Amino acid sequence: MTVPQTLAFCYLSLLWQREAITLSDLLRFVEEDHIPYINAFQHFPEQMKLYGRDRGIFGIESWPDYEDIYKKTIEVGTFLDLPRFPDITEDCYLHPNILCMKYLMEVNLPDEMHNLTCHVVKMTGMGEVDFLTFDPIAKMAKTVKYDVQAVAIIVVVLKLLFLLDDNLEWSLSNLAEKHNEKNKKDKPWFDFRKWYQIMKKAFDEKKQKWEEARAKYLWKSEKPLYYSFVDKPVAYKKREMVVNLQKQFSTLVDSTATAGKKSPSSFQFNWTEEDTDRTCFHGHSLQGVLKEKGQSLLTKNSLYWLSTQKFCRCYCTHVTTYEESNFSLSYQFILNLFSFLLRIKTSLLHEEVSLVEKKLFEKKYSVTKKKSRSKKARRH
């Protein structure tokens, strides 16, 4: 059992208990030192002697990767021949309806969007128990990336409402701004431009702090690992020199005392109505982008562009490589924001968005496939 495999085993146990922790939360708690991972051996009892091959197992010098731990979770579950896990039902934290509400709150989007995310979940079948529940002994064992899927559904809803083509979202923002100026007593319409400006500032500040924390992180442990007892004195002497140098440089660079470690939290952004510096959009209305038709509500935007129309031919249905230059700036920003929240690659989220769209617009995809086949036939 390597350290990443141990982390995957921990996630399996959380999944079995249906705990209110996603894989991205778990990896972020590792990053914030709430869970021993880097230099985990420092927490072992003194009587445990680590040397030689142990160095290769516990000498971790990189952060855990989402995709890697996700794959190892399936591998460990399949290897242990575990039975079907407890059902992920609508009252479970990992259900997309609950996770979508959580991420809508975190990125300061209107509460009214939750009805639309629930509708997408229902139409795509992504809320069904059999789809969500992990079954290691199934023919094709796989589990859902619950947090990535929930965020992808929100991205799809944002595209349904605002198109995100660097044009329509700004036109709708102009209408919302004019309405809010004239009707200050009414419930304000959601202004995409204003939301973007506030979120961009908050995101940049949070990302800068994260990058600084990563740059300052001390990879070397206080209790060094060594290959043999002969190397022990050399290893400890080197470590002593490193500690002394770090103390000298920290005194020169920053004389202020470092703040204590904060308690772990599922939320990285917090928005309240009392915060006068930053607008809270939770209670804002989507009236400016929705229209009534009988007893139902429809989006004023009737257009939609698919994130991709090209999937691999293999069974995995992965999409083609994500290239930022092919997409609008609004779409890029939203992907970057959510990717940072989940600590995943932007391409992974784009892939999940494409898979949600494939389920939602199944007929549209089948039409485009038929057209491409007929074009190829004409060429031949």
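Conventions and cut-offs
Residues numbered from 1 in each chain as written. Predicted model: local features only at pLDDT ≥ 70, side-chain atom pairs only at ≥ 80, totals over all residues. Heavy atoms only, no water. Helix = DSSP H or I, 4+ residues; strand = E, 2+ residues; numbered from the N terminus. Contact = heavy atoms within 4.5 Å. Areas by Shrake-Rupley, 256 points an atom, 1.4 Å probe, with all protein chains shown as cover. Expected span 1.5 Å × (residues − 1). Buried < 20%, exposed > 50% of the residue type's maximum accessible area, 1.4 Å probe, protein only. Polar contact = N/O pair within 3.5 Å; in protein donor to acceptor, adjacent residues only side chain to side chain. Phe/Tyr/Trp six-rings, centres within 6.5 Å; stacked < 30°, edge-to-face > 60°. Lys NZ or Arg CZ within 6 Å of the ring centre and 35° of its normal. Axes fitted to C-alpha atoms, helices over the stretch in contact; angles between N-to-C directions. Parallel < 35°, antiparallel > 145°, perpendicular 65-115°, else oblique. Left-handed = near helix turned anticlockwise from the far one by under 90°. Nonpolar A, V, L, I, M, F, W, Y, C, P; charged D, E, K, R; others polar. Salt bridge = Lys/Arg side-chain N within 4 Å of Asp/Glu carboxyl O. Arc of directions from axis to C-beta.

Engineer: So what exactly am I meant to see when it comes to the overall build of the protein here?
Structural biologist: Secondary structure summary: the protein contains 14 helices and two strands in total. If you take every contact in the protein between residues at least 6 apart in sequence, the share linking residues at least 24 apart comes to 75%. Of the accessible surface of the protein, which amounts to about 22400 Å², a share of 54% is contributed by carbon and sulfur atoms.

Engineer: Is there a simple way to explain helix α4 (residues 66–79) in this structure?
Structural biologist: Here α4 contains 14 residues, and its C-alpha end-to-end distance of 20 Å stays within 8% of the 20 Å for a straight helix at 1.5 Å per residue. Looking at α4, one finds that the buried residues are Tyr66, Ile69, Tyr70, Lys72, Thr73, Ile74, Val76 and Gly77. For α4, the N-terminal cap is Asp65; the gap from its side-chain oxygen to the backbone nitrogen of Glu67 is 3.3 Å.

Engineer: Teacher, can you tell me more about the packing of aromatic side chains here?
Structural biologist: Aromatic rings in a pair are described by how distant their centres are and how their planes are angled relative to each other. The final tally for this structure, using the stated rule, is 20 aromatic pairs. A centroid spacing of 5.5 Å and a plane angle of 45 degrees characterise the contact between Phe192 and Trp195, whose relative ring orientation is tilted. With Phe192 and Trp195 both in helix α10 (residues 192–216) and three residues apart, this pair spans about one turn of that helix. As far as burial versus exposure is concerned, Phe192 and Trp195 are alike and both buried. Ring geometry for Phe203 versus Phe333: centroids 6.2 Å apart, planes at 75 degrees, classification edge-to-face. Note that Phe203 is positioned in helix α10 and Phe333 in helix α12 (residues 329–342), a separation of 130 residues in sequence. Assigned by exposure class, Phe203 and Phe333 land together as buried. One aromatic cluster is present, built from ring pairs that chain together Phe162, Trp170, Phe190, Phe192, Trp195, Tyr196, Phe203, Trp210, Phe281, Phe333 and Phe340. It is Lys145 that lies over the ring of Tyr70; its NZ or CZ is 4.9 Å from the centre.

Engineer: Looking at this model, I keep getting lost on the packing of helix α1 (residues 3–17) against helix α2 (residues 23–31). Mind explaining?
Structural biologist: Geometry of a packed helix pair, given as the angle between the helix axes and the separation of the axes. Running from N to C, α1 and α2 cross one another at 135 degrees; their axes reach a closest spacing of 11 Å. The pairing of α1 with α2 is recorded here as oblique in orientation. In terms of crossing hand, the pair formed by α1 and α2 is right-handed. For the pair α1 and α2, contact is made by Leu7, Tyr11 and Leu14 and by Leu23, Leu26, Leu27 and Val30, respectively. A per-class count over the contact of α1 with α2 returns seven nonpolar, no polar and no charged.

Engineer: Sorry, what's going on with the pattern of salt bridges here?
Structural biologist: Any two side chains of opposite charge can pair, so long as their charged atoms come close to each other. In this structure the tally under the stated criterion is 13 salt bridges. For Glu112, the salt bridge is made with Lys187, and the minimal N-O distance between the two is 3.3 Å. Taken together, the residues Glu112 in the loop between α5 (96–106) and α6 (113–124) and Lys187 in the loop between α9 (168–182) and α10 connect sequence positions 75 residues apart. The exposure class of Glu112 is partly exposed, given its relative accessible area of 27%. Linking Arg193 and Glu177 is a salt bridge whose minimum nitrogen-to-oxygen distance equals 3.8 Å. Residue Arg193 is located in helix α10, and its partner Glu177 is located in helix α9; the two are separated by 16 residues in the primary sequence.

Engineer: Would you explain the environment of Leu132 in this entry?
Structural biologist: Mapped onto the secondary structure, Leu132 falls in helix α7 (residues 129–132). Overall, Leu132 belongs to the buried group, its relative accessible area being 0%. Sequence separation between Leu132 and Val144 is twelve residues; the distance between their C-alpha atoms is 6.1 Å. Leu132 has contacts with Ile88, His95, Pro96, Met126, Gly127, Val144, Tyr146 and Gln149, leaving out every residue within four places of it along the chain.

Engineer: Explain the side chain of Thr124 to me, please; I cannot follow it from the model alone.
Structural biologist: Examined against the element boundaries, Thr124 turns out to sit in helix α6. Separated by 3.3 Å, the side chain of Thr124 and the backbone oxygen of Val121 make a polar contact. If we skip the residues at most four places from it in the chain, Thr124 touches Val356, Lys359 and Leu360.

Engineer: Is there a simple way to think about the packing of α2 against α4 in this case?
Structural biologist: Between α2 and α4, the least distance of the axes is 11 Å, while the angle of their chain directions is 120 degrees. In terms of axis orientation, α2 runs oblique to α4. For the pair α2 and α4, the sense of crossing is right-handed. Contacts between α2 and α4 pair Leu23, Ser24 and Leu27 from the former with Tyr66, Ile69 and Tyr70 from the latter. Looking at the contact of α2 with α4 residue by residue, the classes come out as five nonpolar, one polar and no charged.

Engineer: Quick question: what am I supposed to make of α6 here?
Structural biologist: Owing to its 3.6 residues per turn, the α-helix aligns residues three or four sequence positions apart on the same side. Helix length check: α6 (twelve residues) gives 17 Å between terminal C-alpha atoms against 16 Å at 1.5 Å per residue, within 8%. Regarding α6, the residues found buried are Met113, His114, Thr117, Val120, Val121 and Thr124. One side of α6 carries all its buried residues, which in axial view fall inside an arc of 120 degrees. Of the exposed residues in α6, those oriented more than 90 degrees away from the buried face are Asn115, Lys122 and Met123. Close packing links the buried residues of α6 with α5, α8 (146–162) and α13 (346–360).

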